[in-house]
Amino acid sequence: GANGRSDLGGLGMFRVGSSEALHYGRIMAAVDQLNLAIEKKKSFAVARPQLTLEATNIVMEPATQGDAPEYEFLVTNNGNAPLTLRGEIDCSCLIPDVPTYIEPGKSAKIRIGVNTYDFIGKVRKVLRLLSNDPDFPARDVNVAIDVKPLYRVIRSKGQLVEMSDGGSSTEFFVELDEKAPFKVTEVIVDGLKADATFEPWSGTLKDPEAGDTAERKGVLVKLNFPDQTVVGRMPISIRVITDSDNPRFKVLRANFEIQKGIVSLPLEVYFGTFPQGEYRAFAYISRPSRPFKILKIESSSPFVSGVVYQRSESEYRLDVVYNGKADVGQLRGYLTLKLDDPNQKELIVPFRGTIQ
């Protein structure tokens, strides 16, 4: 801020940061020593702190979600001047404790903890040590740990639930680690009407996300959705309530999407603000479960038309094309897509934007 360059320097005052003030203080202390040496005609020996690390690649023992793993190693100053240190992390999952000052010939411990509540799986991160060692002012310490989750939500059929005219049902599995200190007591669905039941289950199950098939134990959750209005592709959130005393595991969440019929993604095509001239925006028209055809496209505006490109039997890309001939201002309207489905003969896709 205060010492850096900026094209906004004339518009306001910049406050001096703490690191800048510390740096300035060190420089002025050195200036005072130099002035005193000049006055006394005294020469200086070269002062060089030297950072030596006991480890630069740390592989921690495997942990389970909720554990508090910690690793410590020595850092030594093999120089002839005080060593100053500070640590920077590339992820909030690392919790470092770094000494700030080490006398010549002395050693100190660096401790690294890992937040295993919010970070699971293969954690591969870096602690960067910044020092006044003139040869190595920045040193990276690589940290690796495998964190096993206490629970996993597995849905073999993917994240999308498709609803028919008579309603729909689906299920998912909550795998519980043998160390999980809690049990499922209730399942609540937010976003749509649904009946939820659950029961203990064990067996062989594939996890599409992890790509593994294994023997699993946990809870099988079954959801039944009565026929109801679903606008586009809606998100639904499932809260799996447990008897855990730890608030972090009191509510386990599973998020899915539900869709009924053929929908536009997004529901409305937004051009934004754009200059005069031909311009395009697009959406995807989709129904993953069954193929369909777009027979015809009609527009409510003489300035906008639609062009479709088939991506698969059950998905199209719809390009909404403005011809550049409208007056400056708001552009609004809708496209009507004629479909070959007898139960859904058309789909309305609104569009809007602002012509500059």
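Residues numbered from 1 in each chain as written. Predicted model: local features only at pLDDT ≥ 70, side-chain atom pairs only at ≥ 80, totals over all residues. Heavy atoms only, no water.

**Student:** Looking at this structure, I do not really get the sheet that holds strand 11 (residues 151-154). What am I missing?
**Tutor:** Hydrogen bonds between backbone groups are what pair the strands of a sheet, and the pairing can be parallel or antiparallel. One open sheet accounts for 4 strands, arranged 11-13-16-15; its pairing is antiparallel. Edge strands, defined here as strands with exactly one partner in the open sheet, are strand 11 and strand 15 (195-207). Going across the sheet, the axis of each strand differs from the next one's by a mean of 30°, ignoring polarity. Where strand 11 lies against strand 13 (residues 168-176), 4 bridges are found, and the strand directions are antiparallel. Residue Arg152 lies in a different strand from strand 13, and its bridge partner there is Glu175. (Pairing = 2+ DSSP bridges. Helix = DSSP H or I, 4+ residues; strand = E, 2+ residues; numbered from the N terminus. Axes fitted to C-alpha atoms, helices over the stretch in contact; angles between N-to-C directions.)

**Student:** Would you mind going over a nonpolar patch on the surface with me for this structure?
**Tutor:** Together, Tyr24, Ile27, Met28 and Val31 line one region of the surface with nonpolar side chains, adding up to about 350 Å² of accessible area. Mapping Ile27 onto the fold places it in helix 1 (residues 18-40). Taking the relative accessible area as the measure of exposure, Ile27 reaches 40% and is therefore partly exposed. (Patch = residues over 30% accessible without salt bridge, like charges linked within 9 Å, V, L, I, M, F, W, Y side chains within 5 Å. Areas by Shrake-Rupley, 256 points an atom, 1.4 Å probe, with all protein chains shown as cover. Salt bridge = Lys/Arg side-chain N within 4 Å of Asp/Glu carboxyl O. Buried < 20%, exposed > 50% of the residue type's maximum accessible area, 1.4 Å probe, protein only.)

**Student:** Can you walk me through the packing of aromatic side chains in this structure?
**Tutor:** Each pair of aromatic rings is reported with the distance of its centres and the angle of its planes. On inspection of all chains with the given rule, the structure shows 12 aromatic pairs. With 5.3 Å between their ring centres and 45° between their planes, Phe172 and Phe256 make a pair best called tilted. Placement of the pair is Phe172 in strand 13 and Phe256 in strand 18 (residues 251-260), with a sequence separation of 84 residues. On the basis of relative accessible area, Phe172 is assigned to the buried category, the value being 2%. Phe256 sits in the buried class, given a relative accessible area of 5%. Both rings, one in Phe271 and one in Phe351, keep their centres 6.4 Å apart while their planes meet at 85°; by these two values the pair is edge-to-face. With Phe271 in strand 20 (residues 269-274) and Phe351 in strand 26 (residues 344-355), this pair connects stretches of sequence that are 80 residues apart. Side by side, Phe271 and Phe351 carry an identical accessibility label, which is buried. Following the ring pairs from residue to residue traces out a cluster consisting of Phe271, Phe274, Tyr279, Tyr322 and Phe351. The residue whose ring lies beneath Arg248 is Tyr117, and the NZ or CZ to ring-centre distance is 4.5 Å. Directly above the ring of Phe282 sits Arg317, whose terminal nitrogen or CZ lies 4.1 Å from the centroid. (Phe/Tyr/Trp six-rings, centres within 6.5 Å; stacked < 30°, edge-to-face > 60°. Lys NZ or Arg CZ within 6 Å of the ring centre and 35° of its normal.)

**Student:** Help me out: how do you make sense of the layout of surface pockets in this one?
**Tutor:** Any empty space left between the atoms is revealed when a probe the size of a water molecule rolls over them. For the largest pocket, the calculated volume is near 850 Å³. Forming the boundary of the largest pocket are 22 residues, of which Arg26, Ala30, Pro82, Thr84 and Asn132 lie nearest the centre. Sorting the residues of the lining of the largest pocket by element identifies helix 1, strand 5 (83-89) and strand 9 (121-131) as the ones contributing at least two each. Sorting elements by how many residues they give to the lining of the largest pocket places helix 1 first, with 8 residues. There is about 440 Å³ of room inside the second largest pocket. (1 Å grid on protein atoms, 1.4 Å probe; cavity = no way out; pocket = protein on both sides within 12 Å on 5 of 7 lines; lining within 4 Å. Points joined across faces, edges and corners; volume = space filled by probe spheres on them.)

**Student:** Any chance you could explain the environment of Lys179 here in plain terms?
**Tutor:** Relative to the assigned elements, Lys179 resides in the loop between strand 13 and strand 14 (184-190). Along the chain, Lys179 and Val219 lie 40 residues apart, while their C-alpha atoms are 15 Å from each other. The contact partners of Lys179, leaving out residues within four places of it in the chain, are Thr64 and Leu150. (Contact = heavy atoms within 4.5 Å.)

**Student:** So what exactly am I meant to see when it comes to the pattern of salt bridges here?
**Tutor:** Between side chains of opposite charge, a pair can form when the charged atoms approach closely. Summed over all chains, the structure comprises 24 salt bridges. Measuring nitrogen to oxygen at the nearest pair gives 2.7 Å for the salt bridge that ties Glu315 to Arg311. With a relative accessible area of 21%, Glu315 lands in the partly exposed category. As a salt-bridge pair, Asp319 and Arg317 come within 2.6 Å of each other at their nearest N and O atoms. Residue Asp319 is classed as buried on the basis of its relative accessible area of 5%. For Arg317, a relative accessible area of 27% gives the class partly exposed.

Nothing here speaks to function; it is geometry throughout.
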